[in-house]
Structures are given as C-alpha cells and as structure tokens.
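Report on the structure
Below, each chain spelled out in residue letters.
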Amino acid sequence: MSTSTGNYRRTGVAFLGCGYAADFYGPTLPNYPELEVVGAYDLRRERAESFTAEYGGRVYGALEEVLSDPEVEIVVNLTPTTEHYAVNRAALLAGKHVYCEKPMTTKLVEATELAELAEQRGLLLSSAPATVFSRSAQTLIRAVHGGTVGTPRLAYASLDMGPLAFMAYRDWQSARGVPWPYREEVGNGCVLEHAGYLLTWLTAMFGPVVRMSGQAVTPFSDQWEGVVDDVAPETSFGCLHFADGTVCRVTIGWAAPADKSLLVVGDQGVLSVEDVWQASSPVTLRRRVATTGRDTGYLGEPEQLPFVLPPLEYGYDDEAHDLTVSAGIADLARAVRSGERPLLDTEYCLHILDLSIRLATARSEDEAIDVPPPSATRLWGDRYRGPVAASVPR
Ligand SMILES: NC(=O)c1ccc[n+]([C@@H]2O[C@H](COP(=O)([O-])OP(=O)(O)OC[C@H]3O[C@@H](n4cnc5c(N)ncnc54)[C@H](O)[C@@H]3O)[C@@H](O)[C@H]2O)c1
C-alpha cells in the first residue's frame, strides 16, 4: 500500500533474496525516498535479518507472508537466477508488481509466460540491469540522439571483466560478508549474466536489434574442474545490426583483460565512454575535422561532455563497479504510481533477455577456409602441422 509523505506517495517494496547483490541495492535505496523498504525474506533467515538491520524494514518468515502483505506493492527478486521464474510467478499470482534481477529467467519461453501473466493481471514486470539510467549512459544517449556525431554508423562495445579463472573470486564478499556465489555465476556464464549491461545502452541509442550473428567460446575451459561440472561460455563475440542501421561489434566475457569501453562512430565524429560499469565514467566527444595531405588523424581534440544529470548521493563502497541498481526499482515504482509504463518495460526487458540468451549460446556458422599446406610458410614453425578441427565452443 502506498503511503503519503509530504507531496509524494511512497511505494512499498519487499526484497526476496538478501545475498551478495542485495548489498548493491541497500546502500543506493536512499537516493529514492519514494521507495519504502517494507521488509525482506531469505531462505536463510540470518541474511534477511542482516539486510533489514542495515537497510530497514521487517524480516518475513516465509514467502507467503511477503505475498500476502498489503503494504508490499513491488517485489524485488534478488534470488539466484535459477529461482527467478518460480518466484516471479508466485509474486505475480499474488498480485504484486515485480522487479527482477537479470536475467529475468534462463529461458525466453518462461519470461514470455510471465509477461502474459502480468498483462492478464494488470501488473508490471520489469528487470535489471538499470545502468542505462546512469549519468554516463544518459549523457551518451542524449548526445547520440542530439546528433553530436551526426548519424551513428558503427559501435564497438566491450564488457570484458578480466580473466575470472585467474582471480581470487572465491574470496569475494559483499559489504555484509556474503560470499560471491561463484558456482552459480560460472554455471550461468558471464554472457547471460552481463550482456544486458551493454544491450540496454545500445538499444536505447540505436533501437532494437534486427539481425545478429555471434560466437560463444570458452578459452579457459580447463580451469573450472572442481568448480562446476558444466561451464557456460566465458566470452561471446557478437555482430549486432540495429533498427537505425548502426552495426556493433560486441564482446562480453571474463577471459580477456578488463575493457569496459564503448565507442560510437558517427559520420561527424566519435563518442566514447571508458567504463560502462561506472555510473560517472566520463563521456568524451571527438569531432570530425578536415584533414590535409596524408594525415589520417581526422578527429579533433577530445572534449569531455558535461553530464546531463547530477551524481547520485548514495552509492556503495566498491571500486569494481557503480551500477545504479536501485534506479530500476524507482522506474517501476514511478510507473506504478502514475499508471504509465516503466522505461524498463516488460517487452523491452524480453528483447534484452532474448538477445542475452542468443549471445550466450551464439553459434554462427563457421565458414570453411581452404587451408594451405604446412610448408606454405616457415612463419608457422612447428605450431602448424596440418588442418586441425576448429575448437568447438561449449
Ligand atoms: N553476484 C553479483 O555480483 C550480482 C550482481 C548483480 C546482479 N546479480 C544477480 O542477482 C541475483 C542474486 O545474485 P546474488 O549474487 O545475490 O546471489 P546469492 O546467492 O548471494 O543470494 C541469493 C539469496 O537468495 C536466497 N534464496 C534462494 N532461493 C530463495 C527463495 N526461493 N526465496 C527467498 N530467498 C531465496 C539465498 O539464500 C541467497 O541468500 C542473481 O540473479 C544474479 O544474477 C548478481
């Protein structure tokens, strides 16, 4: 039930799942005083207790208690990805609006079923990621739409996290000391978990993806013995064609050294963001300038664009990223109060999920190449002993 404070109504929110990711939400909630944390539930009660002690609200003893609480309008689903479908479904059946962590489900057919259920019941269903609301994203998107680089033609987008296999991921903990659930993350795979972070920015700039090809690979598949039985692809390369004609080369993964940059090439210049995982990563413009002679440097001096939004007041203490997470709940709450659709509307989220799954499982046809003989050049040395089967991605 919404409560009135001053001149705005507060929207009651309950959290389901109070693990690692919940510590990104809790500290950023005060940016949105229109959200009221009514309470939290976790199968592991102590996690709901530590969450509410830190961020407010009451501890629920069972899912049914949350779903029958009239003060709860929005359920925020932060349970493990494999639980999303069942938990989202239960919440919708109980008449709650749902904001779910990404990916909304692991299968598009399940998400589509949830979307239909929400539609039938007059409820809203929305999903992370919400980094598209960051001041970096908004500044970049407005610059592209405002024609700062003319017509966008090409984009290079990377979300390479660094090679997870060689990191101390077993030691990572959230602010409340919840360990990073690496078995789930490695089992689901980086691409399914992270693709949405880039895809939301790209589709906001260029419209939906109309055609794509891609390849998912697992370069360090030998490193995961004893961690998971079935390793999901570690990296995907994609070529995305957008409705406005822009083509994007995208890589997402945790095999290559970190590179989270995004470059938009237009016919009048280039826009770039160094790190799409930092809400305040600078947005740089280089305008096309006239060249003379054999000069190939056709871009002027870099100009940092002024941000179109102020910084958020409350963040979390984490150098790795600043993901604007609670902005997605605020977007949904605004829609609940106004009766309009959220910006992260169900159909939009389904498109992002569809693309994420396609990228995570991408198997574009390899073109066969006529292979020259080993003697063709000594440059090959003894690395090349004749045609070998291309390594097949898992
Ligand atoms: N780990 C990250 O860095 C990160 C970042 C952003 C988003 N996410 C996403 O957030 C979601 C949660 O990830 P996490 O890292 O917090 O996982 P986690 O395992 O740390 O936390 C999940 C919590 O949900 C609880 N839980 C499981 N089933 C439940 C149920 N049916 N009802 C209530 N509680 C239940 C578990 O006890 C656990 O405390 C995932 O979808 C993940 O993709 C994770």
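One can find the structure itself at the top, above this paragraph.
Let me begin by describing the structure that accompanies this report. (Residues numbered from 1 in each chain as written. Predicted model: local features only at pLDDT ≥ 70, side-chain atom pairs only at ≥ 80, totals over all residues. Heavy atoms only, no water.)

1. Remarks on the pairing of strand β3 (residues 35-41)
The buried fraction of β3 amounts to 6 of the 7 residues, a majority that puts the element mostly inside the structure. Where β3 and strand β4 (residues 58-59) come together, 2 bridges link them in parallel fashion. For G39, the partnering residue across the bridge sits in β4 and is R58. As for the winding sense of the linkage, the β-α-β connection from β3 through helix α2 (residues 45-55) to β4 is right-handed. (Buried < 20%, exposed > 50% of the residue type's maximum accessible area, 1.4 Å probe, protein only. Helix = DSSP H or I, 4+ residues; strand = E, 2+ residues; numbered from the N terminus. Pairing = 2+ DSSP bridges. Right-handed = clockwise from strand over helix to strand, strands pointing away.)

2. With respect to empty space enclosed by the protein
Applying the stated criterion across every chain yields a total of 2 cavities of 30 Å³ or more. Lining of the largest cavity is provided by 16 residues; of these, S127, A128, P129, I352 and L353 occupy positions nearest its centre. Elements represented by at least two residues in the lining of the largest cavity include exactly α8 (190-206) and α10 (346-360). It is α10 that contributes the most residues to the lining of the largest cavity, 5 residues altogether. Residue composition of the lining of the largest cavity, by class: 10 nonpolar, 4 polar and 2 charged. Split by domain, the residues of the lining of the largest cavity number at least three in each of domain 1 (3-130 + 326-354) and domain 2 (135-312). (1 Å grid on protein atoms, 1.4 Å probe; cavity = no way out; pocket = protein on both sides within 12 Å on 5 of 7 lines; lining within 4 Å. Points joined across faces, edges and corners; volume = space filled by probe spheres on them. Nonpolar A, V, L, I, M, F, W, Y, C, P; charged D, E, K, R; others polar. Domains from an automatic or database assignment.)

3. Let's talk about the layout of surface pockets
Approximately 1,200 Å³ is the volume found for the largest pocket. Y20, A21, W180, P181 and E185 are the residues nearest the centre of the largest pocket, which is lined by 48 residues in total. Examining the composition of the lining of the largest pocket, we find that 4 residues originate from one element, helix α7 (residues 182-188), more than from any other. Taken together, the residues of the lining of the largest pocket sort by class into 28 nonpolar, 9 polar and 11 charged. When we break the lining of the largest pocket down by domain, the ones giving at least three residues each are domain 1 (3-130 + 326-354) and domain 2 (135-312). A volume near 550 Å³ is recorded for the second largest pocket. If you go around the second largest pocket, you meet 28 residues; those closest to its centre are F133, S134, Q138, L309 and T324. The class makeup of the residues in the lining of the second largest pocket is 16 nonpolar, 7 polar and 5 charged.

In short, geometric facts, not functional conclusions.
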